[in-house]
Amino acid sequence: MNDGEERIFDGEHHNQQNSSDDDVNNSVTLSSCAESDGMGKFRNTCINKHAQIFVNPTQFYVSAVTCEMCGTKGTTETFFSRSKRFCSVSCSRSYSSNSKKSSIIARLQVGMSGKVFIPTFIRTVTKFLCVYVLREGHPLGTTLAGFDWGNYLEKSGLLAAPVSCFRHVPLCAQWDDIYVRLKVEVLNTHTALPSKVYWIATVVQLAGYMALLRYEGFEDDDSHDLWCNLGTADVHPIGWCAVNSKLLVPPQEVHQHIKDWKSYLMERLVGAHTLPVDFHVKMADCLRCPFRQAVRVEVVDRSQVSRTRLAVVDTVVGGRLRLLYEDGGLGPSGEVLSDFWCHMQSPLLHPVGWSERVGHSIKETDTSVNMSSHPAFRKVLQNSVPDQFKKLRTVYMGDKFFEEGMKLEAIDPLNLGNICVASVRKVLLDGYIMVGIDGVEIGDGSDWFCYHANSHAILPVGYCENNNIPLTLPPGYDHATFIWTKYLEETGTVAAPRRLFNTDDVGHGFTSGMKLEAVDLMEPRLVCVATVRRCVGRLLLLHFDGWEPEFDQWVDGQSPEIYPVGWCEITGYQLQPPIGPVQKHFIKMRPTIKKKKKVSHTAPGGKQRPSVANRCVFVRKISIFKT
């Protein structure tokens, strides 16, 4: 059999039937399969994609100094070779090797006399890019939880936030092209054959990256529908089996009912649509990250949130960074004593030199702490640069900006389910302010928190009342008698002007009841199954499934710490399932770790921390999050 010809395997007669390349077109629409130049266009597209990946990978992160192999940004002093094109010797060698491979494959394709010869390099490239993102190691162990999202969605109403709601995730901008009725080639799980075979299926339901698929031949029978993540390696555009010499095998339950599978498929596929041929390549491209191990950053100090601290990137997974404080210390077995997880677009993360520039407090690194035995510190440390970070909207800091003492409402950084009466304590540069929660401050400013003027977490006076949100009051006040105007008179202060706040509804697309995967920002290494409980303007109130409402958290609708259903499976990050009796019904494999109940967190001295309801006051007394 010639390469490029699709093979249909009839399970009853064990005959292989050939269909020509013109039968099924791999382009986005299949209705043009009869055009004489259809496959030629497809071939050229694949060759271009091939060259794009291996020859010119710099297009994603354009800057003065960017590694042409992995996309890492940095300074000329830390880059390899005289040309400063690569961040390391390995990237230089990999670039050279892949450029040669690109040339060889391109010549093979052009020499096929009109036939499309596409080896599995597309899958290879996808695998290579994913390995690059994950090469620093799995964040939470080697075994994923295996949460059964499909079963869970069916039990909870099939409502999940679409990928287009999350502006920071792979293929967000292109997800409107993915819709119900698309045709795909997917692994056939209804066969007794020992090797992998595939069959054509139709998307009948979408939930984040997850799709409910129905095999061709089952018509209106939904008893064999299966949930599959479109970002995984077992889902492909129509025609992938043809160009990769894979078998198309109908499920055992239907192969006897249809004798001429070739005619049946042609009838079903005419006018249909499928995934773009470079779907998985673009998915992998979007997962590329400008950060790598040994890059130095400034990040909030978890032991004292009013200051930042120098940290080093240890692990990169799907844009999420595990950061090790430079003087965090190592345990007797070499384990890290203090780390911090956040997304690369997190407002808590800054380039080296940010604190000094804006006037923010930064902890001086304790040079007596030796971290050199950890792999992240064995490499040459490289300072991060501003181009690696998300740029915030510029604000005018003239005479009508925030002033010290102004009152506002703010999300409590130590209890993210509460919106509290707060005050501006200090005005920094570049639109940043320090905010304190009224009535519970320690007095030395160590529990102030830094917010940008564009932050979702600071709100004008009266916002909670206008949107029916409980406002957490200072000690000694009660909701029956608290009035903002009276409180301002008693304290001799003024409310911050409403025009200074960014409370506009950004049209995020979320609605109450939608399922998603969300970071527990009180323990940011964990990504959990969550539900949108409320939408108020740009704010979302997230509920962690299986947990009490007191653990709910307010987040921005554009937060980089929320993800579509299926994101963890694509990136290899471990998803924490709901706790309680529902857990055992939706787990395919036993997870390596479980989300610890928050009431069991241990404070300094081995004491048990209180519940979230009491944590606000207690944590401030013990110098918040101290480890």
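Residues numbered from 1 in each chain as written. Predicted model: local features only at pLDDT ≥ 70, side-chain atom pairs only at ≥ 80, totals over all residues. Heavy atoms only, no water.

A. Local environment of the overall build of the protein. Of the regular secondary structure elements, the protein holds 13 helices and 27 strands. Considering the protein as a whole, with its 627 residues, one finds that 55% of them fall into the buried category. Sequence-distant contacts in the protein: of pairs separated by 6 or more residues, those separated by 24 or more amount to 65%. Here the protein displays about 27300 Å² of accessible surface, and carbon together with sulfur accounts for 51% of that area. (Helix = DSSP H or I, 4+ residues; strand = E, 2+ residues; numbered from the N terminus. Buried < 20%, exposed > 50% of the residue type's maximum accessible area, 1.4 Å probe, protein only. Contact = heavy atoms within 4.5 Å. Areas by Shrake-Rupley, 256 points an atom, 1.4 Å probe, with all protein chains shown as cover.)

B. The arrangement of the environment of His-374 in detail. Along the chain, the position of His-374 falls in the loop between β14 (361–362) and α9 (375–378). The exposure class assigned to His-374 is buried, which follows from its relative accessible area of 9%. Residues His-374 and Asp-314, spaced 60 residues apart in sequence, show a C-alpha to C-alpha distance of 9.4 Å. Excluding residues that lie within four positions of it along the chain, His-374 makes contacts with Asp-314, Leu-324, Leu-330, Gly-334 and Val-336.

C. Layout of the pairing of strand β18 (residues 432–437). Judged by how many residues are buried, β18 sits mostly within the fold: six of six residues are covered. Note that strand β17 (residues 419–427) and β18 share five bridges and pair antiparallel. Note that in β18 the partner of Ser-423 across the bridge is Gly-436. In sequence, β17 turns back onto β18 through a hairpin of four residues, with Asp-430 there showing a positive phi of about 60°. By the bridge criterion, four bridges tie β18 to strand β19 (residues 449–452) in an arrangement that is antiparallel. Across the sheet, Ile-433 pairs through a bridge with Tyr-451, a residue of β19. (Pairing = 2+ DSSP bridges.)

D. Quick look at the pattern of salt bridges. Per the stated rule, a full pass over the model turns up 23 salt bridges. The salt bridge involving Asp-438 is made with Lys-407; its shortest N-O contact spans 2.7 Å. With Asp-438 in the loop between β18 and β19 and Lys-407 in strand β16 (residues 407–411), this pair connects stretches of sequence that are 31 residues apart. Given the relative accessible area of 5%, Asp-438 is considered buried. In this structure Lys-407 comes out as buried when scored by relative accessible area, which is 6%. Where Arg-538 meets Asp-556, a salt bridge forms, and the shortest distance between an N and an O atom there is 2.5 Å. Placement of the pair is Arg-538 in the loop between β23 (527–536) and β24 (539–544) and Asp-556 in strand β25 (residues 553–556), with a sequence separation of 18 residues. Judged on exposure class, the residue Arg-538 and its partner Asp-556 are both buried. Each member of the salt-bridge network shares a partner with another, and the members are Asp-301, Arg-307, Arg-309, Asp-327 and Lys-363. (Salt bridge = Lys/Arg side-chain N within 4 Å of Asp/Glu carboxyl O.)

E. Structural context of the environment of Pro-237. Within the secondary structure, Pro-237 sits in the loop between β7 (235–236) and α5 (240–243). In this structure, the C-alpha to C-alpha distance between Pro-237 and Lys-183, residues 54 residues apart in sequence, is 7.4 Å.

F. Examining the side chain of Arg-214 more closely. Along the chain, the position of Arg-214 falls in strand β5 (residues 210–215). Taking relative accessible area as the criterion, Arg-214 reaches 18% and is therefore assigned buried. Among the polar contacts made by the side chain of Arg-214, one reaches the side chain of Asp-225 at a distance of 2.9 Å. Those residues in contact with Arg-214 that lie beyond four places of it in its chain are Ile-200, Ala-201, Thr-202, Val-204, Glu-219, Asp-220, Asp-221, Asp-222 and Asp-225. (Polar contact = N/O pair within 3.5 Å; in protein donor to acceptor, adjacent residues only side chain to side chain.)

G. Representation of the nonpolar core within the structure. Counting residues in hydrophobic clusters, the biggest one holds 77 residues, and the most contacted among them are Trp-149, Leu-213, Phe-510 and Ile-562. It is strand β4 (residues 198–207) that contributes the most residues to this core, six residues altogether. Mapped onto the domain boundaries, this core takes at least three residues apiece from domain 1 (149–287) and domain 4 (514–576). Not counting chain neighbours up to four residues away, the residues in contact with Ile-562 comprise Phe-166, His-168, Phe-510, Leu-516, Glu-517, Ala-518, Leu-540, Leu-542, Val-555, Asp-556 and Gly-557. Membership of the second largest hydrophobic core comes to 59 residues, among which are Phe-389, Phe-402, Cys-464 and Leu-541. (Core = buried A, V, L, I, M, F, W, Y, C linked by side-chain atoms within 4.5 Å. Domains from an automatic or database assignment.)

H. Representation of the environment of Leu-187. Here Leu-187 shows up in strand β3 (residues 183–187). For the pair Leu-187 and Val-249, spaced 62 residues apart in sequence, the C-alpha to C-alpha distance is 9.5 Å.

I. Expanded view of helix α6 (residues 261–269). Every buried residue belonging to α6 is among Trp-261, Tyr-264, Leu-265 and Leu-269, and all of these are buried. Looking straight down α6, one finds that the buried residues subtend no more than 120° of arc, so they occupy a single side. Directly after α6, the chain includes Gly-271, whose backbone phi takes a positive value near 85°. (Arc of directions from axis to C-beta.)

J. Here's a closer look at the pairing of strand β22 (residues 515–519). In terms of burial, β22 is largely enclosed, as five of its five residues are buried. Taking every second residue as pointing to the same face, both faces of β22 are buried, with Lys-515, Glu-517 and Val-519 on one and Leu-516 and Ala-518 on the other. Sheet topology places β22 next to strand β26 (residues 562–563); two bridges connect them, and they run antiparallel. Along β26, the bridge assignment pairs Ala-518 with Ile-562.

K. Region of interest: unusual backbone geometry. With a phi close to 65°, Leu-171 is a non-glycine residue in the positive phi region. The exposure class of Leu-171 is buried, given its relative accessible area of 4%.

L. Highlighting the packing of aromatic side chains. The full count for this structure, using the stated rule, is 24 aromatic pairs. For the pair Phe-166 and Phe-510, a centre-to-centre distance of 5.2 Å together with 85° between the ring planes defines the contact as edge-to-face. Pair noted here: Phe-166 is in the loop between α4 (149–156) and β3 and Phe-510 is in the loop between α11 (484–491) and β22, with a separation of 344 residues, a long-range link. Comparing Phe-166 with Phe-510, the two get one shared label, buried. Between Phe-291 and Phe-389 the ring centres are 5.3 Å apart and the planes differ by 80°, which places this aromatic pair in the edge-to-face class. Highlighted residues: Phe-291 in the loop between α7 (279–286) and β9 (295–300) and Phe-389 in the loop between β15 (382–383) and β16, separated in sequence by 98 residues. As far as the burial class goes, Phe-291 and Phe-389 line up, both buried. Taken together, the aromatic side chains of Trp-341, Tyr-563, Trp-567 and Tyr-573 make up a single cluster linked through ring pairs. Taking NZ or CZ as reference, Arg-309 lies 4.3 Å from the ring centre of Tyr-325, over its face. (Phe/Tyr/Trp six-rings, centres within 6.5 Å; stacked < 30°, edge-to-face > 60°. Lys NZ or Arg CZ within 6 Å of the ring centre and 35° of its normal.)

M. Spotlight on α7. In terms of burial, α7 is a largely internal element, six of the eight residues being buried. When α7 is considered as a whole, its buried residues turn out to be Phe-279, His-280, Val-281, Met-283, Ala-284 and Asp-285.

N. Structural detail: the state of the cysteines. A complete count under the given rule lists zero disulfides for this structure. The thiol of Cys-165 is unpaired, and the distance to the nearest cysteine sulfur, on Cys-172, comes to 8.2 Å. (Disulfide = S-S within 2.5 Å.)

O. Examining the confidence of the model for the protein more closely. Of the residues in the protein, 72% have a pLDDT of 70 or more, and the chain-wide mean is 77. Of the regions scoring below 50 in pLDDT, residues 11–64 engages in 127 contacts with residues more than four places distant in sequence or in other chains. (pLDDT = per-residue confidence, 0-100.)

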